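Observations on chain architecture
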Amino acid sequence: REEWGGSFELWETDPRYSFLQYSKKVLPLLNRIAIFSVTDVSIHGHLDSVNHPHGEARKSLSFYYYTPTIDDEPLITPLLHESIYM
């Protein structure tokens, strides 16, 4: 529910982070999925506090897909984008 907070938000910026502009809010509804490319400027998260009633839980899953090369743009530097596999 929107009044419980915790909506997923997307923000826009540029490689110099010279501005930060709100783009989209995605409500955490059952069976909803948000898919996007994670780059240096894909600012995302939730700024609103999660305020669920006692006994109600917010469930969230995050998945990441890694590739051997970095093909997404924009990247400030590929040197800072390494994965450690264990």
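**Focus on the confidence of the model for the chain**
Averaged over all residues, the pLDDT of the chain is 77; the fraction at 70 or higher stands at 77%. Per-element confidence in the chain is highest for strand S2 (residues 21-26), whose mean pLDDT is 89, and lowest for strand S3 (residues 43-45), whose mean pLDDT is 84.

**Some points on the sheet that holds S3**
Hydrogen bonds between backbone atoms are what pair the strands of a sheet, whose relative direction is either parallel or antiparallel. Taken in spatial order, the 3 strands of this open sheet run S2-S1-S3, and their pairing is antiparallel. Single-partner strands in this sheet number two, and they are S2 and S3. Between one strand axis and the next, the sheet turns by 20° as a mean value, whatever way the strands run. Here 3 bridges tie strand S1 (residues 8-12) to S3, and the two strands are oriented antiparallel to one another. Bridge assignment links Trp 11 to a residue of S3, and that residue is Ile 43.

**Observations regarding a nonpolar patch on the surface**
Taken together, the side chains of Phe 36, Val 38, Tyr 64 and Tyr 66 define a hydrophobic patch exposed on the protein surface, amounting to about 430 Å² of accessible area. In this fold, Phe 36 is placed in the loop between S2 and S3. Relative accessible area serves as the criterion here: at 31%, Phe 36 is assigned to the partly exposed category.

**Quick notes on the environment of Val 50**
Looking at the element boundaries, Val 50 is found in the segment after S3. Among all residues touching Val 50, those that are not within four sequence positions of it are Trp 4, Gly 5, Gly 6 and Arg 58.

**Section: the environment of Ser 49**
Inspection of the secondary structure assignment puts Ser 49 in the segment after S3. Residues Ser 49 and Trp 4, 45 residues apart in the sequence, show an inter-C-alpha distance of 8.3 Å. If we ignore the near neighbours within four places in the chain, the residues touching Ser 49 are Trp 4, Gly 5 and Gly 6.

**Thoughts on the packing of aromatic side chains**
Under the definition given, this model contains 2 aromatic pairs. Taken together, a centroid distance of 5.5 Å and an interplanar angle of 40° make the contact between Phe 8 and Phe 36 tilted. Note that Phe 8 is positioned in strand S1 and Phe 36 in the loop between S2 and S3, a separation of 28 residues in sequence. The interplanar angle of 75° and the centroid separation of 5.4 Å between the aromatic rings of Trp 11 and Tyr 22 together place this pair among those described as edge-to-face. Taken together, the residues Trp 11 in strand S1 and Tyr 22 in strand S2 connect sequence positions 11 residues apart. In this structure Tyr 22 comes out as partly exposed when scored by relative accessible area, which is 40%.

Quick notes on the rules
Residues numbered from 1 in each chain as written. Predicted model: local features only at pLDDT ≥ 70, side-chain atom pairs only at ≥ 80, totals over all residues. Heavy atoms only, no water. pLDDT = per-residue confidence, 0-100. Helix = DSSP H or I, 4+ residues; strand = E, 2+ residues; numbered from the N terminus. Pairing = 2+ DSSP bridges. Axes fitted to C-alpha atoms, helices over the stretch in contact; angles between N-to-C directions. Patch = residues over 30% accessible without salt bridge, like charges linked within 9 Å, V, L, I, M, F, W, Y side chains within 5 Å. Areas by Shrake-Rupley, 256 points an atom, 1.4 Å probe, with all protein chains shown as cover. Salt bridge = Lys/Arg side-chain N within 4 Å of Asp/Glu carboxyl O. Buried < 20%, exposed > 50% of the residue type's maximum accessible area, 1.4 Å probe, protein only. Contact = heavy atoms within 4.5 Å. Phe/Tyr/Trp six-rings, centres within 6.5 Å; stacked < 30°, edge-to-face > 60°.

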